[in-house]
Amino acid sequence: MGRQGTGSRHGAGTGGRAGRTTGRATDRRGTTGRAEGMPAVPARARGGARRAGLRLVTAVALLALAGCGSDQAASVAPKGWGTLETPSVSVAHPPAFKEQGEAERSRFNAAAATLTEDGRAVGTITVQLGFTEADSAEEAAIGAEAGIALGSTPKGQKEITVAGPEGRREARRIDFEFTRGPDRVRGVLVAGLDTARKAYAVRVDAVKGRLGDDDLKKIVESVEVR
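Q: Lay out the sheet that holds strand 4 (residues 111-117) with the relevant residues and their values.
A: Pairing within the open sheet is antiparallel, and its 7 strands lie in the order 3-4-5-9-8-7-6. If you trace the sheet from one side to the other, it starts and ends with strand 3 (98-99) and strand 6 (153-162), each paired once. Looking at chain direction, strand 5 (residues 120-129) and strand 9 (residues 199-207) are connected through 7 bridges and run antiparallel. Within strand 9, the position partnered with Thr124 by the bridge is Asp205. Packing of helix 2 (residues 137-145) onto the sheet brings it into contact with strand 6, strand 7 (169-180), strand 8 (183-193) and strand 9, and relative to strand 8 it is tilted by some 145°. Against the sheet, helix 3 (residues 213-221) makes contact with strand 5, strand 6, strand 7, strand 8 and strand 9, and its axis sits at roughly 20° relative to strand 8, the strand it touches most.

See below:
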């Protein structure tokens, strides 16, 4: 086997002409040579660069899919549930809750639904709008707390997010309990600002044992700001 090289005296170059070599030559290690004056790039280095690029593209795609999935899941009402619609916010309710008409509900409520048992209300979901001047979700929550009856027992407040037209929006959740007649009632408030920066509050009251934790969670997660 003849020796490879550029300008060999024995005319080993491509094309049979002495002192001239065209094209590329490959050595025993699989490294592709280039014309004189241009450094060779090992195949291993090129492969590593390609793998790094693929990993970056994959990571970006997964992040995009994850973000889309979370927003879509949060704004979808459970199958078979109804929805209270207002200009600022909507919230889903279990099918056993019946929406009140304008003549039935309090004038302070933009929307309401009631769960009745033996002719009496054992659960309510209400939406109030513009009940206070607020510049933040925290201030909206403070205004909403004013509607909680004296003697109620606070169970905590925490920051949450709710669905919105341009992604997740900050809100506050307030948990409390109070006594009404012979019943102990569990209450939850979700308060914040809509896209026009007007205060809203979604309130859920239910006699203990009448609304399961799973349904309560679904109600809170269905809140969507407009």
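Q: If you had to explain the packing of aromatic side chains to someone new, which residues and values would you point to?
A: Within the structure shown, the criterion is met by 1 aromatic pair. Aromatic side chains Phe176 and Phe178 sit 6.1 Å apart centroid to centroid with 20° between the ring planes, which places their arrangement in the stacked category. In this pair, the class of Phe176 matches that of Phe178, namely buried.

Q: How would you sum up the side chain of His93? Please name residues and give values.
A: Structurally, His93 can be placed in strand 2 (residues 89-93). For His93, the side chain forms a polar contact with the main-chain oxygen of Phe97, separated by 3.4 Å.

Q: A description of helix 3 should follow, citing residues and the corresponding values.
A: It helps to recall that an α-helix has 3.6 residues per turn; residues three or four apart then point in one direction. Along helix 3, the residues classified as buried are Leu216, Ile219 and Val220. In a view along the axis of helix 3, the buried residues occupy a sector of 95°, so they form one face of it. Where the residues of helix 3 are buried, they touch strand 2, strand 5, strand 6, strand 7, strand 8 and strand 9.

Q: Please set out the pairing of strand 9 residue by residue, giving values where relevant.
A: Most of strand 9 is tucked away, with 9 of its 9 residues classed as buried. Judged by which residues are buried, strand 9 turns out to be covered on both faces: Ala199, Ala201, Arg203, Asp205 and Val207 on one side and Tyr200, Val202, Val204 and Ala206 on the other are all buried. In this sheet, strand 9 lies alongside strand 8 in antiparallel orientation, the contact comprising 9 bridges. Along strand 9, the bridge assignment pairs Leu193 with Ala199. Adjacent in sequence and paired antiparallel, strand 8 and strand 9 are bridged by 5 residues, among which Arg197 carries a positive phi angle near 60°.

Q: Give a detailed account of the confidence of the model for the chain, specifying residues and quantitative values.
A: Summarising the model, the chain shows a mean pLDDT of 79, and 67% of its residues fall at 70 or more. Every residue in residues 1-39 is under pLDDT 50, and counting partners more than four places away or in other chains gives 29 contacts. A low-confidence stretch, residues 56-74 stays under pLDDT 50, and its non-local contacts, those more than four residues away or across chains, total 5 contacts.

Q: So what's going on with the pattern of salt bridges? Residues and values would help.
A: The final tally for this structure, using the stated rule, is 12 salt bridges. Salt-bridge contacts for Lys208 lead to Glu177; the nearest nitrogen and oxygen are separated by 2.9 Å. Residue Lys208 is located in the loop between strand 9 and helix 3, and its partner Glu177 is located in strand 7; the two are separated by 31 residues in the primary sequence. Accessibility expressed as a relative area gives 44% for Lys208, which makes it partly exposed. Through salt bridges with shared partners, a single network forms among Glu138, Glu159, Glu170 and Arg172.

What counts and how
- Starting afresh in each chain, residues are numbered from 1 along the sequence in its written order.
- Local features in a predicted model are, by the rule used here, given only for residues with pLDDT of at least 70; side-chain atom pairs are given and counted only at 80 or more, and totals for whole chains, interfaces and linings are based on all residues.
- Side-chain measures were taken over the full set of non-hydrogen atoms in the model, leaving aside hydrogen atoms and water.
- Only strands that DSSP links by at least two bridges are regarded as paired with each other.
- A run of DSSP states H or I qualifies as a helix once it reaches four residues; a run of E qualifies as a strand once it reaches two. Both are numbered from the N-terminal end.
- We call two residues contacting when some pair of their heavy atoms lies within 4.5 Å.
- Each axis is a line fitted through C-alpha atoms, and for a helix only the stretch in contact is used; angles between axes span 0 to 180 degrees, taken between their N-to-C directions.
- We call Phe, Tyr and Trp rings a pair once their centres come within 6.5 Å, taking the six-membered ring for Trp, and we label the pair stacked below 30 degrees between planes, edge-to-face above 60, and tilted otherwise.
- Relative accessibility under 20% of the residue-type maximum defines a buried residue, over 50% an exposed one, and the middle range a partly exposed one, all with a 1.4 Å probe and only protein chains included.
- The term polar contact refers here to a pair of N or O atoms within 3.5 Å; inside protein, the definition further demands a hydrogen-donor-capable atom paired with an acceptor-capable atom, and it admits residues adjacent in sequence only when both atoms are side-chain atoms.
- The directions considered for the arc are those from the helix axis to the C-beta atoms.
- What pLDDT reports is the predictor's confidence in each residue, on a scale of 0 through 100.
- One speaks of a salt bridge when a side-chain nitrogen belonging to Lys or Arg is within 4 Å of a carboxyl oxygen belonging to Asp or Glu.

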